[in-house]
Amino acid sequence: MGIISASVWAADLNLPFLSIDTGTILFTLINLAILVFGLKHFLFKPVNDILAQRQTAVDKSLTEAEQAKAEAEATKAEYAEKLTAAKEESAEMLRKATRRAQERSDEIVAAAKAEAAAVMQQNEAELEREKRRAASELRAEVSGLAVMVAEKVVEREINPADHARLIDEFIDSVGDVQ
Amino acid sequence: MDMGEAIILAGSAIGAGLAMIAGIGPGIGEGYAVGKACEAIARQPEASGAVTRTMFVGCAVAESTGIYGLIIALLLIFLKPFT
Amino acid sequence: MLVMAIPAFLRGPTDPTVTGPHVITSWKLGPLTINLTETVVLEWIVVAFILGLAFFLTRNLRVRGVSKRQAVAEMAVEAITNLVRDTMGRRWLWFTPYIAAVFCFSIFGSLISLFGVRAVTSDFSVLLSWAAVTFLVITWTKIRYGGIGGYLKGFADPMPVMLPINILSEVATPAAMALRHFGNIAGGGIIMMLVYYGLANASHMIGLDIAIFDVGIPAVLSLYFDLFSDFMQAFIFIMLTMVFVSNAGPAEEEASAS
């Protein structure tokens, strides 16, 4: 190693300050190789494995979350659809019920009206009958009264049959006048 | 100590001092580089990591001439290779 | 009398010696001398520590309910993976363990000097072997993407006259990387040693036999020369490795498109 090494080699068993030593290079290369493979095996491999596992786990949970979200969306849409359908149905039912109630009430009202009309008619008929009966009674009474009055007036006995006929004619004429 | 050895020692010491003149170059160069790096970081603070890294590598390369001078100076002073 | 009673190491460093690593044993293998140096033993400690740390951090890994240790391990792996991906592109992700190994080796190999031993990275042979691996990967990449012919033709680019310069620059790349790292760490170590030596001498000068100034004061400098410099050099070493290696392949576009 030239000028540099000579003095130091002689001094003691130290290598020179700036030296190239075969043994050191050899051992250093071996040590470096050991260190590289040791680090690869003890540090990089386990840590990278763990990182890869974590990445996989994160990916998986992300995928799962997306899936769950999609499912939730689907369920939500389904529920919304069902809700709309139910609303429609209820509205339909309500409408139907309203219509039926309307019909029913119309029916009832019509029936009531009809009944009322019938009652009225009946009443009217009864009234008419009463009137007629009263009129005939009145007629009989009036005729008797007239006969009596006539007897008194005429003072003579007329044939009661002629009498009745005369009176009837009179009443009829009166009735026609009314 | 005979005269020859004394002259060699004196020459080594002077040589070491002269060798350290090599420190001027890296000093100026690195100062310039760091100044430019500061400007770059001021202009683009988000790139400070890359700028700093590049600056250090550049400084290291620039510094090697100074280091060679230092090695020569150390050899001359402590190992006295010519005695 | 008192001077005698003081253990020698309390006097602090008295003689600054700059040498290489101590040779523990050496074997002769034919013409080769295989030295087992101090550096190699420290390397074993560093490698064992890093592997132990990695082993400790990756106990009981779980997908959920992450413990602090696991968080640290994951952060480290992700940080270095992102760095490699950003700098080199996706196709170089398999290169990450090597980058991580060099980074850890460099950092802990430099920081071991805090325990008062030589830094592993202040031995040029260590840096040279790391840079040699980088050089081999660069060459392999060039041959893989360009073929042997393309690789050899690359030396004569842009014209055959450039051949020696190209060869030189090819070799200079790893050499510069190794020298830079070595110079920074070893230089910092020498400066720190000189600081300890000077402060011990200053203590002796004011009449103290114990190197009292060596307590605490060098820590301030150590912050830069040990912590910051170690980290920066490790980072720069791996950055340069990544840049040179990824530049050896075809342009980034194809890789980053994926």
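Residues numbered from 1 in each chain as written. Chains lettered and ligands numbered in written order. Predicted model: local features only at pLDDT ≥ 70, side-chain atom pairs only at ≥ 80, totals over all residues. Heavy atoms only, no water.

Trainee: I keep staring at the environment of Gly35 of chain B and nothing clicks. Help me out?
Mentor: All names here are of chain B. Note that Gly35 resides in helix α2 (residues 24-43). Judged by its relative accessible area of 30%, Gly35 falls in the partly exposed class. Distance in space between the C-alpha atoms of Gly35 and Met55 is 9.9 Å, their sequence separation being 20 residues. (Helix = DSSP H or I, 4+ residues; strand = E, 2+ residues; numbered from the N terminus. Buried < 20%, exposed > 50% of the residue type's maximum accessible area, 1.4 Å probe, protein only.)

Trainee: For this particular structure, what's the right way to read the pattern of salt bridges?
Mentor: Note that side chains of opposite charge can pair when their charged atoms are close. Residues and elements named next belong to chain A. Counted according to the given criterion, the structure contains 11 salt bridges over all chains. A salt bridge links Arg132 to Glu128; the shortest N-O distance between them is 3.8 Å. One end of the pair, Arg132, and the other, Glu128, are both in helix α2 (residues 22-154), 4 residues apart, so they sit about a helical turn from each other. Residue Arg132 is classed as exposed on the basis of its relative accessible area of 56%. Looking at Glu128, the relative accessible area reads 37%, which means it is partly exposed. (Salt bridge = Lys/Arg side-chain N within 4 Å of Asp/Glu carboxyl O.)

Trainee: Can you help me understand helix α4 (residues 96-111) of chain C in this one?
Mentor: Along an α-helix, residues three or four positions apart point the same way, because every turn accommodates 3.6 residues. The end-to-end C-alpha distance of α4 of chain C is 22 Å, a good match for the 22 Å that 16 residues give at a rise of 1.5 Å each. Burial runs high along α4 of chain C: 14 of the 16 residues are buried. (Expected span 1.5 Å × (residues − 1).)

Trainee: Can you walk me through helix α1 (residues 3-19) of chain B in this structure?
Mentor: For α1 of chain B, with 17 residues, the first-to-last C-alpha span of 24 Å sits near the 24 Å given by 1.5 Å per residue. Its buried side turned inward, α1 of chain B meets α3 (48-79) of chain B. (Contact = heavy atoms within 4.5 Å.)

Trainee: I tried to follow the packing of α3 of chain B against helix α6 (residues 163-205) of chain C on my own but got confused; where do I start?
Mentor: When two helices pack together, their arrangement is captured by the angle between the axes and the distance separating the axes. Between α3 of chain B and α6 of chain C, the shortest axis-to-axis distance is 8 Å and the interhelical angle comes to 50°. Relative to α6 of chain C, the element α3 of chain B lies oblique. Of the two possible hands of crossing, α3 of chain B and α6 of chain C adopt the one that is left-handed. Along the contact surface, α3 of chain B presents Ala60, Val61, Glu63, Ser64, Ile67, Tyr68, Leu70, Ile71, Leu74 and Phe78 of chain B, while α6 of chain C presents Ala176, Leu179, Arg180, Phe182, Gly183, Asn184, Gly187, Ile190 and Leu194 of chain C. Of the residues contributing to the contact of α3 of chain B with α6 of chain C, the split by class is 13 nonpolar, 4 polar and 2 charged. (Axes fitted to C-alpha atoms, helices over the stretch in contact; angles between N-to-C directions. Parallel < 35°, antiparallel > 145°, perpendicular 65-115°, else oblique. Left-handed = near helix turned anticlockwise from the far one by under 90°. Nonpolar A, V, L, I, M, F, W, Y, C, P; charged D, E, K, R; others polar.)

Trainee: When you look at the pairing of strand β1 (residues 23-29) of chain C in this model, what are you seeing that I'm missing?
Mentor: The side chains of a regular strand alternate, residue by residue, between the two faces of the sheet. Residues and elements named next belong to chain C. Summarising the sheet, β1 and strand β2 (residues 32-37) pair through 6 bridges and their orientation is antiparallel. When the bridges of β2 are listed, Lys28 appears paired with Thr33. In textbook terms, the turn of a hairpin is the stretch between consecutive antiparallel strands, and for β1 and β2 this stretch comprises 2 residues, one of which, Gly30, has a positive phi near 65°. (Pairing = 2+ DSSP bridges.)

Trainee: Looking at this structure, I do not really get the side chain of Thr121 of chain C. What am I missing?
Mentor: Residue and element names in this part refer to chain C. As for its position among the elements, Thr121 is in the loop between α4 and α5 (124-154). Within the local environment of Thr121, its side chain forms a polar contact with the side chain of Ser110, the two groups lying 2.8 Å apart. If near-sequence neighbours (up to four positions away) are discounted, Thr121 is found in contact with Ser106, Gly109, Ser110, Leu127, Trp130, His181, Phe182 and Ile185. (Polar contact = N/O pair within 3.5 Å; in protein donor to acceptor, adjacent residues only side chain to side chain.)

Trainee: Looking at this structure, how should I read the interface of chain A and chain C?
Mentor: In many reports, interface size means the accessible area that the parts give up when they come together. Listed by partner, the interface residues are 37 residues for chain A and 53 residues for chain C. Counting the surface chain A buries against chain C, the share from its top three residues, Phe17, Leu35 and Phe44 of chain A, is 17%. At the junction of chain A with chain C, the criterion picks out 1 salt bridge. A salt bridge links Glu74 of chain C to Arg54 of chain A, with the nearest nitrogen and oxygen atoms 3.0 Å apart. (Buried area = accessible area lost by both parts, 1.4 Å probe.)

Trainee: It is not clear to me how the packing of α3 of chain B against helix α7 (residues 217-248) of chain C should be interpreted in this structure. Could you clarify?
Mentor: Axis separation between α3 of chain B and α7 of chain C bottoms out at 10 Å; the angle between their running directions is 95°. The angle between α3 of chain B and α7 of chain C places the two elements in the roughly perpendicular class. The residues of α7 of chain C that touch α3 of chain B, namely those facing Arg53, Phe56, Val57, Ala60 and Val61 of chain B, are Met232, Phe235, Ile236, Met239 and Leu240 of chain C. Residue composition of the contact of α3 of chain B with α7 of chain C, grouped by class: 9 nonpolar, no polar and 1 charged.

Trainee: Before we go on, may I ask you to explain the confidence of the model for chain C in this structure?
Mentor: Regions with low pLDDT should not have their predicted coordinates read in detail. Residues and elements named next belong to chain C. With 93% of its residues at a pLDDT of 70 or more, chain C shows a mean pLDDT of 82. Mean pLDDT values over the elements of chain C span from 49, in helix α8 (residues 253-257), up to 91, in α4. Model confidence for the complex is summarised by a pTM of 0.72, with the ipTM given as 0.85. (pLDDT = per-residue confidence, 0-100.)

Trainee: Explain a nonpolar patch on the surface to me, please; I cannot follow it from the model alone.
Mentor: Among the surface-exposed residues, Leu145, Met148, Val149, Val153 and Val154 of chain A lie close enough to one another that they form a single nonpolar patch of about 460 Å² accessible area. Residue classification places Val154 of chain A among the partly exposed residues on the basis of a relative accessible area of 35%. (Patch = residues over 30% accessible without salt bridge, like charges linked within 9 Å, V, L, I, M, F, W, Y side chains within 5 Å. Areas by Shrake-Rupley, 256 points an atom, 1.4 Å probe, with all protein chains shown as cover.)

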